[in-house]
2 protein chains.
Amino acid sequence: MTTLSAAARRAAARADHLDRAAACPANRLLDRLGDKWAPLVLRALADGPLRYNALSRTVAGASQKMLTQTLRALERDGFLRRTAAPGVPARVDYALTPLAESLLPLLDSLASWAEENMPRVDRSRAAYDTRRG
Amino acid sequence: MTTLSAAARRAAARADHLDRAAACPANRLLDRLGDKWAPLVLRALADGPLRYNALSRTVAGASQKMLTQTLRALERDGFLRRTAAPGVPARVDYALTPLAESLLPLLDSLASWAEENMPRVDRSRAAYDTRRG
DNA sequence: CTGTATCCCGGTTGATACTG
DNA sequence: CAGTATCAACCGGGATACAG
């Protein structure tokens, strides 16, 4: 037991920190936003509701599976409202909720920062890679 | 060839959109920030430079490998400055660059939004899961 | 049109061990 | 102290086929 305690304590400490990190609201938000397709979907809907098919054309990079998966996740989190109109063919609209709309300005800020500063990042990266091989 | 053209065109269109998405500065930024450990490291260094070991304690959830990997990536992108002092034992400091510091306010904004709104997300999620099984 | 179900590959992550 | 190396596991994500 004493021989295990050191490793055990480290493991416990790590689990603890992982929990804290997972519990941190900011990290949880970044987890969502870090998702490959979620930001694209959000932006696609910023100008107004769209139907599934229109979304799949706007976010053309995403496979059917990933698009649906992303939509479900965003709906579950309360960022999207899904409205299904029965009939044949089926018709489903997706729209941003007020919650999502309150997030858009932040995404815009990020986009602005990115547009202004990513070139710097690119140069830094190129320089770094040159110093190496 | 005609039998392939439809699928081929779809594939091309998808590749095209993928390229565009990958080229978008905002997406590239979110890719970095979506990284599991990068935001934690950035926040850990917000109060001042830290040595490797101090970082590994602050960001205790990360394995050695992931911490090093994250630090390298951030350094390459010009967010971190790495200062190695020769000698035994070795001593290495990591500090934010002005570029990274200019990003901190945005991260703070995100954190504020998250703190205020993530509870809402949690409730939405719980409600969604209740409606289902 | 709007999805769901299945298979599967590749990259990312983590555990562990070793080094200057 | 500050890493590097290697290996195994996991999982995100795409292709494909099928369904209401």
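Residues numbered from 1 in each chain as written. Chains lettered and ligands numbered in written order. Predicted model: local features only at pLDDT ≥ 70, side-chain atom pairs only at ≥ 80, totals over all residues. Heavy atoms only, no water.

1. Let's talk about the overall build of chain A
Note the following rule: Counting from the N terminus, the helices are DSSP H or I runs at least four residues long and the strands are E runs at least two residues long. For a compact globule the rule gives 2.2 Å times the number of residues to the power 0.38, and the radius of gyration it is set against comes from C-alpha atoms.
Scanning chain A for helices and strands turns up 6 helices and 3 strands. For chain A, the α and β elements follow one another from N to C terminus as α-α-α-β-α-α-β-β-α. In terms of overall size, chain A is more extended than a compact globule, its C-alpha atoms giving a radius of gyration of 21 Å where 133 residues would be expected to give roughly 14 Å. C-alpha extents for chain A along the principal axes are approximately 70 × 45 × 30 Å.

2. What to know about empty space enclosed by the protein
Residue and element names in this part refer to chain A. Put simply, the rule reads: In this analysis the probe radius is 1.4 Å and the grid spacing 1 Å, with only protein atoms considered; a cavity is a set of points the probe fits into but cannot get out of, a pocket is an open set with protein on both sides within 12 Å along at least five of seven lines, and lining residues have an atom within 4 Å of a point. Grid points are joined across faces, edges and corners, and a volume is the space filled by probe spheres set on the points. Think of it as three bins: nonpolar holds Ala, Val, Leu, Ile, Met, Phe, Trp, Tyr, Cys and Pro, charged holds Asp, Glu, Lys and Arg, and polar takes everything else, Gly as well.
For the coordinates displayed, the defined rule picks out 1 cavity of 30 Å³ or more. Space inside the largest cavity adds up to approximately 30 Å³. What lines the largest cavity is Arg32, Leu33, Ala38, Leu42, Leu74, Phe79 and Leu103. At the level of secondary structure, the elements contributing two or more residues to the lining of the largest cavity comprise α2 (25-34) and α3 (38-45). Within the lining of the largest cavity, the residues separate by chemical class into 6 nonpolar, no polar and 1 charged.

3. Looking at the packing of aromatic side chains
As a reminder, the rule being used: Think of it this way: a Phe, Tyr or Trp ring, Trp meaning its six-membered ring, pairs with another when their centres are within 6.5 Å, and the plane angle makes it stacked under 30 degrees, edge-to-face over 60, tilted otherwise.
Per the counting criterion, the structure on display carries 2 aromatic pairs over all chains. When the centroid spacing of 6.3 Å and the interplanar angle of 20° are considered together, the rings of A:Phe79 and B:Trp113 count as stacked. Highlighted residues: A:Phe79 in the loop between α5 (64-76) and β2 (80-85) and B:Trp113 in helix α6 (residues 98-131), drawn from two different chains.

4. What about the protein's contact with DNA strand C?
What counts is decided by this rule: Here a residue is considered near a molecule or strand provided that any single heavy atom belonging to it is located within 4 Å of it.
If you check the shell around DNA strand C, you find 20 residues, and the closest are A:Asn53, A:Arg82, A:Tyr94, B:Lys65 and B:Met66. Sugar plus phosphate, as a fraction of atoms of DNA strand C within 4 Å of the protein: 62%. Sorting the residues of the surface near DNA strand C by element identifies α4 (52-58), α5 and β3 (91-96) of chain A together with α5 (64-76) of chain B as the ones contributing at least two each. Of the residues belonging to the surface near DNA strand C, the class tally is 7 nonpolar, 5 polar and 8 charged.

5. A look at the relation of the copies chain B and chain A
Copy one and copy two of the chain differ by a rotation about a common axis and a shift along it. Note the threshold: In this comparison the copies share one frame, found by least squares on the C-alpha atoms of residues holding pLDDT of at least 70 in both. By the convention used here, residues are in contact when the closest approach between their heavy atoms is within 4.5 Å.
With an RMSD of 0.1 Å, the fit of chain B onto chain A corresponds to turning through 180° and sliding 0.0 Å along the axis. Each copy turns onto its partner about a two-fold axis. The rotation axis passes nearest to the C-alpha of B:Gly34 in chain B, at a distance of 1.9 Å. Here 100% of the interface residues in chain B have copies in chain A that are interface residues too; the copies meet face to matching face.

6. Points about the sheet that holds strand β1 (residues 50-51) of chain B
The strands that make up a sheet pair up through hydrogen bonds in the backbone, lying either parallel or antiparallel. Residues and elements named next belong to chain B. Quick reminder of the rule: Two strands are said to pair when DSSP picks up at least two bridges between them.
Taken in spatial order, the 3 strands of this open sheet run β1-β3-β2, and their pairing is antiparallel. Single-partner strands in this sheet number two, and they are β1 and β2 (80-85). As judged from the 6 bridges shared by β2 and strand β3 (residues 91-96), these two strands associate in the antiparallel manner. When the bridges of β3 are listed, alanine 85 appears paired with arginine 91.

7. Considerations on the interface of chain B and chain A
Here is the rule: Two parts lose some accessible area (1.4 Å probe) when they are put together, and adding that loss for both gives the buried area. The term salt bridge refers to a pairing of a side-chain nitrogen on Lys or Arg with a carboxyl oxygen on Asp or Glu at a separation within 4 Å. Whenever a nitrogen or oxygen atom comes within 3.5 Å of another N or O atom, the pair is scored as a polar contact, on the condition that within protein one atom can donate a hydrogen and the other can accept it, and that pairs from neighbouring residues in sequence are kept only if both atoms are in side chains.
In this complex, chain B contributes 46 residues to the contact, which on the side of chain A involves 46 residues. A buried area of about 4300 Å², summed over both sides, lies between chain B and chain A, and 67% of it is on carbon and sulfur atoms. It is B:Arg76, B:Leu110 and B:Trp113 in chain B that bury the most area against chain A; as a group they hold 17% of the surface buried on that side. Counting the contacts that link chain B with chain A gives 6 salt bridges. Of the charged contacts, one joins A:Asp77 and B:Arg125 as a salt bridge, the two residues approaching to 2.7 Å between their closest N and O atoms. There are 14 residue pairs in polar contact (both at pLDDT 80 or more) connecting chain B and chain A. Counting only elements with at least two residues in the side of chain B that touches chain A, the list comes to α1 (2-23), α2 (25-34), α3 (38-45), α4 (52-58), α5 and α6 of chain B. With 19 residues, α6(B) is the single largest residue contributor to the side of chain B that touches chain A.

8. So, the sheet that holds strand β1 (residues 50-51) of chain A
Residue and element names in this part refer to chain A. As a reminder, the rule being used: Every axis corresponds to a line fitted to the C-alpha atoms, with the helix fit spanning only the stretch in contact, and the corresponding angles, defined between N-to-C directions, vary from 0 to 180 degrees.
The antiparallel open sheet is built from 3 strands, whose spatial order is β1-β3-β2. Of all the strands in the sheet, the pair left with one neighbour each is β1 and β2. Against the sheet, α5 contacts β2 and β3, and its axis sits at roughly 115° relative to β2.

9. Structural notes on the UniProt feature "domain: HTH hxlR-type" (unreviewed entry) in chain A
Defined as follows: UniProt positions are given in the numbering used here, feature names are shortened, and annotations may be inferred rather than shown by experiment.
Cross-referencing UniProt, the feature "domain: HTH hxlR-type" (unreviewed entry) maps to residues 24-122 of chain A in the present numbering. When the span residues 24-122 of chain A is considered, its composition is 64% helix and 14% strand, and the gap between its end C-alpha atoms is 30 Å.

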